[in-house]
There are 2 protein chains.
Amino acid sequence: MKQSLLFVPTLKEAPKDADVKSHKLMSRAGIIKQVAAGIYTYLPLGYKVIKKIEEIIRQELDKIGASELLMPALQPKDLWDESGRWDKYGPELMRLTDRKDRDFCLGPTHEEVITQVVRDYVSSYKKLPLALYQIQTKFRDEMRPRFGLMRGREFIMKDAYTFSETEEDLERWYKLFTKAYIDIFKRCGLDTKIVSSDVGQIGGDEADEFMVMSEVGEDTITYCDKCDYAANQEHSLLNSGDKCPVCDGTIHTAKGIEVGNIFKLGTKYSESMNGKFAGRDGKPQPMIMGCYGLGISRTLMASVEQHSNEDGIVWPKEIAPFKVHIVPINLKDEDQYKLAYEIYESLKSSGIEVLIDDRAERAGSKFKDADLIGIPFRVVVGKDAKDLKVEFTDRLKGEKELVLASEILTLI
Amino acid sequence: MKQSLLFVPTLKEAPKDADVKSHKLMSRAGIIKQVAAGIYTYLPLGYKVIKKIEEIIRQELDKIGASELLMPALQPKDLWDESGRWDKYGPELMRLTDRKDRDFCLGPTHEEVITQVVRDYVSSYKKLPLALYQIQTKFRDEMRPRFGLMRGREFIMKDAYTFSETEEDLERWYKLFTKAYIDIFKRCGLDTKIVSSDVGQIGGDEADEFMVMSEVGEDTITYCDKCDYAANQEHSLLNSGDKCPVCDGTIHTAKGIEVGNIFKLGTKYSESMNGKFAGRDGKPQPMIMGCYGLGISRTLMASVEQHSNEDGIVWPKEIAPFKVHIVPINLKDEDQYKLAYEIYESLKSSGIEVLIDDRAERAGSKFKDADLIGIPFRVVVGKDAKDLKVEFTDRLKGEKELVLASEILTLI
């Protein structure tokens, strides 16, 4: 892609209200732009990363046998009355009325709708199990939207729901999703800790959260220095220095960003919303449900929070908006022009996503922008173009070397 | 994909309120499920088609140099006050207030937000032109939601916006989008007519609509039997039998479904919202804008309206949810089981999207479902499996033949 055609509005200064590193960097690098408090536009570079994260999620969830659908954002009050949540949910639920004064909300989660979708179809145990997911915009009227994409009022989530005949089958899905989540976050460049947590608004029997350790995290995690024990402090009520409840280790605390949460819902929604099927004995029984959330815009934010240097973002390879950034110093120089476009066309025809800075900007400003937007491999085409040589940088390693243009494919 | 894992809730009867063929077929084939009037869930099979249409759109728009971003659905009132549309738009605009009583609407269109996104960045003519698009859920509180996905209250659209220095450049983009739209609709299996129309709520100087001729269409098209002249009757005020205003031909009328509309906005939004840049003479001038809408859920609906037979849907090849449907008659028969899964694995490893009906259903009910969901090629594995032969059907041609399993790849 030619950079002159891509809309990458980089900024020298971050907006005044940008309070954490990722928010500042994403604003400056032309990844997001605020429209209202907690409401953002994903600019082309940022949306490319979002689509990569989504694609990773689709691949890993397809692997475990889940199917994708898309439910509406607008949800009628009557479904929320069935589950009893319309009155319980509080002011975070964004509510509106249509032109005929009927009540709706904007979905912060979809337990009600998915139960309505599935209950009419699953008449018998023969139609179970089912695992369904969607990638969708969610709404939550946060009291204090903050930290850029961390506490937004409109955000992108993957939510999944499983429907089982037995507790054992729910347990099986819970493990499959846990494993899929570990793989997804790893591919997105994030190390996560799994911590047990409270069920909160969603309800159910048991819940775990996927946490990215970060000082800007809003949750405090208690974890053992010896065994795998980890929990949200709200849930464990332990403090730093306490004895581990599992082994003889010592509890430590750290801040974490929640990027995923999974719940054993059990029969909370299938009971209240009549989601029953004929079991093996012919008698009606409620479907046993699980629900699995993954914050996509938050994963983007957590990745930037963890992967940057003093000059800008350093994208993890799998979610980078482009793989290679070609920066010709002077496109009026015939050798540079020719070599830059030769490399561009050759990488493109090898199926590599490549951005070329074809703008009529000074070299210094091209370098600043390139540092800021953080594409993993950089190829600077300068005075050595006449010898078919370029400066090649692996941003993750931070090493620069002068190489022959023909070697690039072997280096990336 | 194994059909037992995919959620395809087919129905014998269409819901009572399904009023047109496509609505009936999509409800019966497990493509969509209604959640409230004019609000639908796209079930896995339907969402696969939506994603194919989206991918075609991305390919064709990337070709003409447009970049994808994603704007929010929630739009603050102050932007709509700037353009003057908050008071003008009427009850179709879904409005809500947040917990602090600030007014928002759910975007039916994004002229205001895109102008806000671009105006801060484009300080000079050097940053123009720009072409940006998004694929997003839109909201419109229709007085009478009807015809399934035709008049929905929540629907999927592609909207694009161009920003130009000159009228000539706007004209260039208008032509590029016109060509891209013709190609997109053709790939989706639709023949469209381009008709001139009124600018309506969007405003601007000139507008064209892309119409699929269909008796269920809500618009009446007037067209010449001799030249290319075509217009929306609301715009042309002509009647059947009138003389063509361009040549000496005669005007005819037909019903059409609007699947796309493009507008030369001119400076309507850049003037009112201060979207100005320094021109070549150094003086501030408003950006010249175009806007280009394409209804994705409506394209799905129009495709089903045009492509079906008495038994069910017959998907156009490029947007079909799967390319091949393998239907084994009896999976307990060892020859059939073995051959069916051999074909399944071999097609998958050739990169062909294939669905296998692995359900424990009777053959008759498998065939009925296969007819209904309309995958282009069908492979029935039955009693000839012992001779490695299967019944192969090209649904578009309607021909059945007994072929060797090894020949399938050459037939599709």
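Note that the structure is a prediction, hence the values are computed from the model and not measured. (Residues numbered from 1 in each chain as written. Chains lettered and ligands numbered in written order. Predicted model: local features only at pLDDT ≥ 70, side-chain atom pairs only at ≥ 80, totals over all residues. Heavy atoms only, no water.)

**Student:** Go over the domain arrangement of chain A, please, and point to the residues and values.
**Tutor:** Residues and elements named next belong to chain A. According to the domain assignment, chain A contains domain 1 (21-309) and domain 2 (322-411). Taken together, the contacts link 7 residues of domain 1 with 5 residues of domain 2. Both sides of the domain 1 and domain 2 interface together cover about 590 Å² of buried area, and 62% of this is carbon and sulfur. Where domain 1 packs against domain 2, one counts 1 salt bridge. Two residues, Glu353 and Lys52, come together in a salt bridge whose shortest N-O distance is 2.2 Å. Taken together, the connections running from domain 1 to domain 2 amount to 1 residue pair in polar contact (both at pLDDT 80 or more). Taken together, the elements giving at least two residues each to the side of domain 1 that touches domain 2 come down to helix 1 (21-28) and helix 2 (44-63). (Domains from an automatic or database assignment. Contact = heavy atoms within 4.5 Å. Buried area = accessible area lost by both parts, 1.4 Å probe. Salt bridge = Lys/Arg side-chain N within 4 Å of Asp/Glu carboxyl O. Polar contact = N/O pair within 3.5 Å; in protein donor to acceptor, adjacent residues only side chain to side chain. Helix = DSSP H or I, 4+ residues; strand = E, 2+ residues; numbered from the N terminus.)

**Student:** Outline the interface of chain A and chain B, listing residues and values.
**Tutor:** Across the boundary between the two partners, chain A contributes 57 residues, which contact 57 residues of chain B. With both sides pooled, the region where chain A packs onto chain B buries about 5,100 Å², and carbon together with sulfur makes up 63% of that total. The largest share of the area that chain A buries against chain B comes from Phe7, Leu70 and Arg99 of chain A, three residues that together contribute 15% of it. There are 6 salt bridges connecting chain A and chain B. Residues Lys33 of chain A and Asp120 of chain B are paired through a salt bridge, measuring 2.8 Å at the closest nitrogen-oxygen approach. Taken together, the links from chain A to chain B amount to 20 residue pairs in polar contact (both at pLDDT 80 or more). Class assignment for the residues of the side of chain A that touches chain B results in 36 nonpolar, 6 polar and 15 charged. (Nonpolar A, V, L, I, M, F, W, Y, C, P; charged D, E, K, R; others polar.)

**Student:** Give a description of the sheet that holds strand 5 (residues 94-97) of chain B that names residues and reports values.
**Tutor:** Residue and element names in this part refer to chain B. Across the sheet, which stays open at both edges, the 3 strands sit in the order 4-6-5 with antiparallel pairing between neighbours. Each having just a single partner strand, strand 4 (74-76) and strand 5 make up the two edges of the open sheet. Strand-to-strand, the axes of this sheet are offset by a mean angle of 35°, without reference to chain direction. The pairing of strand 5 with strand 6 (residues 103-106) spans 4 bridges and is antiparallel. By the bridge assignment for strand 6, Thr97 is matched with Asp103. (Pairing = 2+ DSSP bridges. Axes fitted to C-alpha atoms, helices over the stretch in contact; angles between N-to-C directions.)

**Student:** With reference to specific residues and values, describe the layout of surface pockets.
**Tutor:** Leftover empty space is mapped by rolling, across the atoms, a probe with the size of a water molecule. Approximately 1,300 Å³ is the volume found for the second largest pocket. Tyr121 and Lys127 of chain A together with Val8, Pro9 and Thr10 of chain B are the residues nearest the centre of the second largest pocket, which is lined by 43 residues in total. Among the elements of the structure, helix 1 (21-28), strand 1 (32-36) and helix 11 (363-373) of chain B are those that each provide at least two residues to the lining of the second largest pocket. Broken down by element, the residue count for the lining of the second largest pocket peaks at 7 residues, all from helix 11 of chain B. Its residues placed into classes, the lining of the second largest pocket shows 18 nonpolar, 10 polar and 15 charged. (1 Å grid on protein atoms, 1.4 Å probe; cavity = no way out; pocket = protein on both sides within 12 Å on 5 of 7 lines; lining within 4 Å. Points joined across faces, edges and corners; volume = space filled by probe spheres on them.)

**Student:** If you had to explain the pairing of strand 11 (residues 219-224) of chain B to someone new, which residues and values would you point to?
**Tutor:** All names here are of chain B. Along strand 11, 5 of the 6 residues are buried, which leaves the element largely enclosed by surrounding structure. With 6 bridges joining them, strand 11 and strand 13 (residues 251-266) adopt antiparallel strand pairing. What sits directly across from Tyr223, in strand 13, is His252. One ladder, built from 3 bridges, connects strand 11 with strand 12 (residues 230-232); its direction is antiparallel. Looking at the pairing, Thr222 lines up with Ala231 of strand 12. (Buried < 20%, exposed > 50% of the residue type's maximum accessible area, 1.4 Å probe, protein only.)

**Student:** Tell me about the relation of the copies chain A and chain B, residues and numbers included.
**Tutor:** Mapping chain A onto chain B calls for a screw motion: a turn of 180° about the axis and a shift of 0.0 Å along it, with 0.0 Å RMSD after fitting. Overall, the copies show the geometry of a two-fold rotation axis. Closest approach to the rotation axis among the C-alpha atoms of chain A is made by Leu96 of chain A, whose C-alpha sits 2.6 Å away. Counting the interface residues of chain A, we find that 100% of their copies in chain B are interface residues as well, pointing to one common contact surface. (Least-squares fit on C-alpha atoms with pLDDT ≥ 70 in both.)

**Student:** Tell me what's going on with the sheet that holds strand 21 (residues 377-381) of chain B, and back it up with residues and numbers.
**Tutor:** Whether parallel or antiparallel, the strands of a sheet pair through hydrogen bonds between backbone atoms. All names here are of chain B. Sheet architecture is open: 5 strands sit in the order 20-19-21-22-23, paired in mixed fashion. Among the strands making up the open sheet, the edge pair consists of strand 20 (354-356) and strand 23 (399-404). On average, each strand axis in the sheet is inclined to that of its neighbour by 25°, with strand direction left out of account. Bridge count between strand 21 and strand 22 (residues 389-394): 4 bridges; the pairing is antiparallel. Bridging from a neighbouring strand, Arg378 pairs with Thr393 of strand 22. Helix-sheet contacts for helix 10 (residues 334-349) involve strand 19 (324-328), strand 20, strand 21 and strand 22, and the interaxial angle to strand 19 is about 170°.

**Student:** Quick one: what's the story with the packing of helix 2 (residues 44-63) of chain B against helix 6 (residues 167-187) of chain B, residue by residue and with numbers?
**Tutor:** Residues and elements named next belong to chain B. Following both chains from N to C, one finds helix 2 and helix 6 inclined at 150°, their axes separated by 10 Å at the closest point. Considering their axes alone, helix 2 and helix 6 lie roughly antiparallel with respect to each other. Helix-helix and strand crossings are classified by hand; for helix 2 and helix 6 the assignment is right-handed. Across the interface between the two elements, Ile56, Ile57, Gln59, Glu60 and Leu61 from helix 2 touch Phe177, Ala180, Asp183, Ile184 and Arg187 from helix 6. A class-by-class count of the residues in the contact of helix 2 with helix 6 yields 6 nonpolar, 1 polar and 3 charged. (Parallel < 35°, antiparallel > 145°, perpendicular 65-115°, else oblique. Left-handed = near helix turned anticlockwise from the far one by under 90°.)

**Student:** Can you break down the pairing of strand 16 (residues 288-295) of chain B residue by residue, with the values?
**Tutor:** Residue and element names in this part refer to chain B. With 8 of 8 residues buried, strand 16 is to be regarded as a mostly interior element. Alternating positions in strand 16 separate into two faces, Ile288, Gly290, Tyr292 and Leu294 on one and Met289, Cys291, Gly293 and Gly295 on the other, with burial throughout. Across 8 bridges, strand 8 (residues 154-164) lies against strand 16 in antiparallel orientation. Bridging from a neighbouring strand, Met157 pairs with Gly295 of strand 16. Sheet topology note: the strand 13/strand 16 ladder contains 6 bridges and is antiparallel. Opposite Ile262, over in strand 16, you have Tyr292 as the bridge partner.

**Student:** Please set out empty space enclosed by the protein residue by residue, giving values where relevant.
**Tutor:** Tallying each qualifying case throughout the model produces 2 cavities of 30 Å³ or more. In this model, the largest cavity occupies a volume close to 60 Å³. Lining the largest cavity, in full, are Leu70, Met71 and Pro72 of chain A together with Tyr40, Tyr42, Thr137, Glu154, Phe155 and Ile156 of chain B. Residue assignment for the lining of the largest cavity shows that the elements contributing at least two residues are strand 2 (39-42) and strand 8 of chain B. No other element matches strand 8 of chain B, which puts 3 residues into the lining of the largest cavity. Classifying every residue of the lining of the largest cavity gives 7 nonpolar, 1 polar and 1 charged.

**Student:** Explain the environment of Ala360 of chain A to me, and be specific about the residues and the numbers.
**Tutor:** All names here are of chain A. Note that Ala360 resides in the loop between strand 20 (354-356) and helix 11 (363-373). Exposure remark for Ala360: the relative accessible area of 86% places this residue in the exposed category. The spacing of Ala360 and Lys332 is 28 residues in sequence and 9.5 Å in space, taken between C-alpha atoms.

**Student:** Could you give me a rundown of helix 6 (residues 167-187) of chain A, with the residues and numbers involved?
**Tutor:** Given 3.6 residues to a turn, an α-helix orients residues that are three or four positions apart in the same direction. Residue and element names in this part refer to chain A. Helix length check: helix 6, at 21 residues, gives a terminal C-alpha distance of 30 Å against a target of 30 Å (1.5 Å per residue), a fit within 8%. Turning to helix 6, its buried residues are Asp169, Leu170, Trp173, Tyr174, Phe177, Thr178, Ala180, Tyr181, Asp183, Ile184 and Phe185. Just downstream of helix 6, Gly189 is the residue with a positive phi angle, here 85°. (Expected span 1.5 Å × (residues − 1).)

**Student:** So what's going on with unusual backbone geometry? Which residues, and what values?
**Tutor:** For residues that are not glycine, phi is negative in most cases, and the peptide bond is trans in most cases. That bond from Leu128 of chain A to Pro129 of chain A is cis: its omega, 0°, falls within 30 degrees of zero. Mapping Pro129 of chain A onto the fold places it in the loop between helix 5 (111-119) and strand 7 (130-139). Although it is not a glycine, Asn274 of chain B adopts a positive phi angle of roughly 60°. By secondary structure assignment, the location of Asn274 of chain B is in the loop between helix 8 (268-272) and strand 14 (276-278). Taking the relative accessible area as the measure of exposure, Asn274 of chain B reaches 55% and is therefore exposed.

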